[in-house]
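Reading the structure
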Amino acid sequence: MTTYLLRRLITSILVLFGVSILVFSIIHLVPGDVVTAILGRQKVSAQEEAQLRQQLGLNDPIPVQYWHYLSKALHGDLGESIRNHVPVSQSIAEQLPSTIALAFSALILALVIGFVLGLTAALKHGSWFDTLAMSLSVSGLSIPTFWLGLLLILLFSVSLKWFPSISTGSSFSALVLPALTLGLPETSVVARMVRASMLDVLGKEYITAARAKGVRESAVILKHALRNALIPVVTFVGLQMAYLLGGSTIVETMFARQGIGRLAVQSISNRDYPMVQGVVLVVAVIYVVMNTITDITYTLLNPTIRLK
Amino acid sequence: MFKVKYLFNSIGILVAFSMLLVACGQPAATPQATSAAPQPTVTPQVTNTPASTNTPSPVSGGVLTIGLGSEPNTLDPGAAVYVQEQFVLISLFDSLLSVAPDASLHPGLALSWQPNTDYTEFTFKLRQNVKFSDGTSFTAAAVKASFDHIMSKDILESGGKTLLTDHKYLETDVIDDYDVVVKFSASYPTFLNDAGRQWLSISSPTALAKYGTDYGRHPVGTGPFMFVKWDAQSQIVLERNPAYNWAPENASHQGPAYLDQVVFRILPEAATRLTAFQSGELQVVSDPPSLDAVSMSASGEAVVKTFPNPGIPAIMMINTDKEPTNDINVRKAMILAVNQDELAKTVFKSLGIPAYSVLSPTTWSYDEQAASLYRYNLDQANQLLDQAGWKLNSNGIREKNGKTLTIDYITSPVWEESFNELLAGYLKKAGFDVKMRSMDDAGIASEAAAGNYSMLYMYWTRADPSPLRILFHSSNIDGGSAYTRFRNSQLDQVLADGDTQTNVDLRKQDYVTAQHIIMENALVLPLFTVNNVYMMTTSVQNFTFDLEGYPWVYDVWLTK
């Protein structure tokens, strides 16, 4: 177990190292000179151009630049925005809580509703409920986010005036509509996965054996079936959490929420390279961490994995 | 040399304008600008006028939430460039002077002012008993600190910095607490007008020292509202300054503002601004979708107020240096072929305002006659092209000596010019072949510098015609923005004189002549006047604009 964890952690660190090289390279991969790219149509004096070059640290050899970048990043210094001179880490820290609140509420919504729907559908396989739940989940998956969000706004904000359409902060009422918009497609996926996985496990011989031994049905389902059926769902949830924390740009934009996804898009359109680098790095770290956590959770659910 | 940077900001993304890059400004900057104005009277001018029985009396209280399309970069007036910044700054800060919508000068933080004869030194007598919202007293030291701050190394570039650097700012001399002299080494005849704008408004010296480079996120002024907080990408919150007792005399009331709070919500999506307005979360929406604004206003659900931007309307600058547009008849045919009225109404519905000249009608020195030279006339356009030897081929495109009548139009996807196709359609009817090349800013810059285009899109919001020099003086053809590449000594002479002329009548004559030369030579294809549109609930009262279209929130009140 310890060896497995150690190996997993070392892999994660190597991945992060690779990510940092990629993120660092962004500024060098821009076609042409990055300073020209930033300045665009603007015409500034040679002195100002030199100052910007200096500010970006572009005069040093590339390995030296990378070293500076890495050592600063490890100390939490991701540089400052070219656009408004606010430290990148500060901007990310301002935007991240809103994204986390949204991601968690969307995921909790997806898990609760998805589990209830999926489990019930599996247990009442072939019933009218099963058909209804699965049809609903297909609709949930097929409706594009921007359309769903717009419908929710028109119904709950414009007509009924129950919830705000432009939400600030992480209060319940501010989160309802964005979390629904973001969470409904996830709910559908969770429901379908739980159902399929449960049906698969319920057909296994050890379940029949457990039942034959006279184990109570509730114990069969919760202890024997669900635990094994959870593995694919955990993988999904882990990856989805990382995805949601990476910022759901469309939902953040639509509800005018603060968030890291909007920050990324805004920075890209502003050619604010330090900010883009910072956001990409933070999102990559989130992905790696979530993946590692997911892998570790597996081993707790299914001991055979850690033996491989 | 001026900086083209500001120019491109202004033409690109409908943001930065009202740029003053050269020694130019409001017409009122004349010798009679000196004024020993009395203390403003404390009589409310709109409030409690017994004659108007229909007008309800203003009430205090309430929160005004305004939906803005873009977020400021800074709230430091000295570092500001963009429209969305001035939108907020106007409520937070006061300037030395106050410029009324009719461009007349009134006392602001300065009670009186006196320029020297060559407009290089300006002596101000300051208002007493004024406090910044952090408790600092407003004195001459604040004026010096604010101007020195603009010139400091902390600020690389800004609107204010361009103004001060272009006129070679020397120093601010503090004579005593309430007497101060601002000195330039170049003549600056329009300084008093600029001193009335947001870019040169006065910051608290205590706050400038305390926050340093972070001041743009902690602004402290003497304005009618005080800064509360700025949640990036979300909102900027201001609250009433209860001590405010120094409103300019041209305001419609005195004393503290009516509103408790003003909240600027940052809502880049027009659809989001619209639904938030419909759900009652916003009281004012800037730049709403035209169709919705028109229909909601017609149904009485909303009030729409517009402010046609002064300055240079949306135009195409035609390249006079390149075939086929080097022929004046081709250029005239282009102007005649476009139905501006229909174009503006199609794109902006009833809010569209067609443009017929190089200046919009609300600009000082606008000349009606120059604007009457061309009206849509397809027959006349065809006739001119026939005379010029351009014959229609079987594809409906004109040809001459084996060459087609091609208009090379470089455009940017960022501009989202909904009129592009429409414009191309009009030109096509006269036998032009419009080739649109969409490229990014860097691409446009290099093509523009090389003269590789037939026409280029431009607009520039400014109450004064001074940007004409930047766009049409032949010294700006190479390395500048004189994209029509037209050389004419008389045009150069009047544009240069307009920059330094202190006599209002002579200066006006300069710009009238310039408008005539530009239009007679068909240098530009006018399209429409850029119109600031605000949609608001019926509860919003007394929503007015300053001379460049910024909402003057101080006088706004909400019916209960």
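Residues numbered from 1 in each chain as written. Chains lettered and ligands numbered in written order. Predicted model: local features only at pLDDT ≥ 70, side-chain atom pairs only at ≥ 80, totals over all residues.

Quick notes on the overall build of chain A
The secondary structure content of chain A amounts to 14 helices and 0 strands. Mapped from its N terminus to its C terminus, chain A presents α and β elements in the order α-α-α-α-α-α-α-α-α-α-α-α-α-α. C-alpha extents for chain A along the principal axes are approximately 85 × 60 × 30 Å. Per-residue burial over chain A gives 35% buried out of 308 residues. Considering only contacts in chain A between residues 6 or more positions apart, those separated by 24 or more positions represent 72%. (Helix = DSSP H or I, 4+ residues; strand = E, 2+ residues; numbered from the N terminus. Buried ≥ 20, exposed ≤ 12 C-beta atoms within 10 Å, placed from the backbone. Contact = placed C-beta atoms within 7 Å.)

Description of the overall build of chain B
A count of helical and extended segments in chain B gives 16 helices and 24 strands. Counting all 560 residues of chain B, 52% fall into the buried class. Once local pairs closer than 6 in sequence are excluded, the contacts in chain B between residues at least 24 apart make up 72%.

Notes on the sheet that holds strand β15 (residues 391-392) of chain B
Residues and elements named next belong to chain B. With respect to topology, 3 strands assemble into an open sheet ordered β15-β16-β17, the strand pairing being antiparallel. Each end of this open sheet is capped by a strand with a single partner; those strands are β15 and β17 (403-404). Two elements, strand β16 (residues 398-400) and β17, share 2 bridges in a ladder whose sense is antiparallel. Its bridge partner lying in β17, Lys400 is registered against Lys403. (Pairing = 2+ DSSP bridges.)

Overview of the nonpolar core
A:Ala106, A:Val279, B:Leu259 and B:Val262 are the most contacted members of the largest nonpolar core, which totals 152 residues. If near-sequence neighbours (up to four positions away) are discounted, B:Leu259 is found in contact with B:Gly62, B:Val63, B:Leu64, B:Arg240, B:Val553, B:Val556, B:Trp557 and B:Leu558. With 66 residues, the next largest nonpolar core counts B:Ile335, B:Val358, B:Ala381 and B:Tyr453 among its residues. (Core = buried A, V, L, I, M, F, W, Y, C linked by C-beta atoms within 7 Å.)

Digging into the sheet that holds strand β2 (residues 63-68) of chain B
Residue and element names in this part refer to chain B. Taken together, 7 strands build an open sheet; the order of strands is β9-β10-β11-β2-β12-β22-β13 and the sheet is mixed. The strands lining the two open edges of the sheet, one partner per strand, are β9 (225-231) and β13 (303-308). When strand polarity is set aside, the average angle formed by the axes of neighbouring strands in this sheet is 20 degrees. In this sheet, strand β22 (residues 531-536) lies alongside β13 in antiparallel orientation, the contact comprising 6 bridges. Across the sheet, Lys305 pairs through a bridge with Tyr534, a residue of β22. (Axes fitted to C-alpha atoms, helices over the stretch in contact; angles between N-to-C directions.)

Details of the environment of B:Leu109
Residues and elements named next belong to chain B. Topologically, Leu109 is positioned in the loop between β4 (105-107) and β5 (110-115). You can call Leu109 buried: it has 24 C-beta atoms within 10 Å. In this structure, the C-alpha to C-alpha distance between Leu109 and Leu126, residues 17 residues apart in sequence, is 6.0 Å. What Leu109 contacts, discounting residues up to four positions off in sequence, is Asp94, Ser95, Leu96, Leu126, Arg127, Val130, Phe138, Ile202 and Thr222.

Quick word on unusual backbone geometry
Glycine aside, residues mostly have negative phi, and peptide bonds are mostly found in the trans state. In this chain, B:Glu323 is followed by B:Pro324 through a cis amide linkage whose omega measures -5 degrees. Mapped onto the elements, B:Pro324 comes out in the loop between β14 (311-318) and α9 (328-337). With phi around 50 degrees, A:Ala256 is a residue other than glycine that occupies positive phi space. Residue classification places A:Ala256 among the buried positions, given that 27 C-beta atoms sit within 10 Å.

Examining the packing of helix α5 (residues 88-123) of chain A against helix α8 (residues 172-202) of chain A
Residues and elements named next belong to chain A. Packing of α5 against α8 brings their axes to within 6 Å, and their N-to-C directions diverge by 35 degrees. Regarding α5 and α8, the two cross each other, and that crossing is right-handed. Each residue belonging to the contact of α5 with α8 can be placed in one class, and the counts come to 25 nonpolar, 5 polar and 3 charged. (Left-handed = near helix turned anticlockwise from the far one by under 90°. Nonpolar A, V, L, I, M, F, W, Y, C, P; charged D, E, K, R; others polar.)

A short note on the environment of A:Leu148
All names here are of chain A. You can see Leu148 is positioned in helix α7 (residues 145-159). Under the C-beta neighbour-count criterion, Leu148 is labelled buried, with 20 such atoms within 10 Å. When sequence neighbours within four positions are dropped, the list of residues in contact with Leu148 reads Ile143, Thr181 and Leu184.

Details of the pairing of β5(B)
Residue and element names in this part refer to chain B. Where β5 lies against strand β6 (residues 121-126), 5 bridges are found, and the strand directions are antiparallel. Considered in β6, the bridge of Ala110 is made with Leu126. The loop that links β5 with its antiparallel partner β6 comprises 5 residues; one of these, Tyr119, has a positive phi angle of about 55 degrees.

Concerning the confidence of the model for chain A
Across chain A, pLDDT averages 84, with 93% of residues at or above 70. Between the elements of chain A, mean pLDDT differs from a low of 63, seen in helix α14 (residues 303-307) of chain A, to a high of 92, seen in α5(A). (pLDDT = per-residue confidence, 0-100.)

Looking at the packing of helix α9 (residues 205-212) of chain A against helix α10 (residues 217-245) of chain A
Residue and element names in this part refer to chain A. With their axes 11 Å apart at the nearest point, α9 and α10 run at an angle of 150 degrees to one another. It follows that α9 is roughly antiparallel to α10 by the angle criterion. With respect to the hand of their crossing, α9 and α10 are arranged in right-handed fashion. Here Tyr206, Ile207, Ala210 and Arg211 of α9 lie close against α10, whose contacting residues are Val220, His224 and Ala225. The residue makeup of the contact of α9 with α10, split by class, is 5 nonpolar, 1 polar and 1 charged. (Parallel < 35°, antiparallel > 145°, perpendicular 65-115°, else oblique.)

Side note on the confidence of the model for chain B
Detailed reading of predicted coordinates is not advised where the pLDDT is low. All names here are of chain B. On average, residues of chain B score 86 in pLDDT, and 89% of them are at 70 or above. Model confidence for chain B, summarised as mean pLDDT per element, is weakest for strand β1 (residues 35-36) at 30 and strongest for α9 at 97. With a pTM of 0.81, the predicted complex shows an ipTM of 0.82.

Here we look at the environment of B:Asn452
Tracing the backbone shows B:Asn452 in the loop between α13 (441-450) and β20 (455-461). Taking the C-alpha atoms as reference, B:Asn452 lies 26 Å from B:Ser466; in sequence the two are 14 residues apart.

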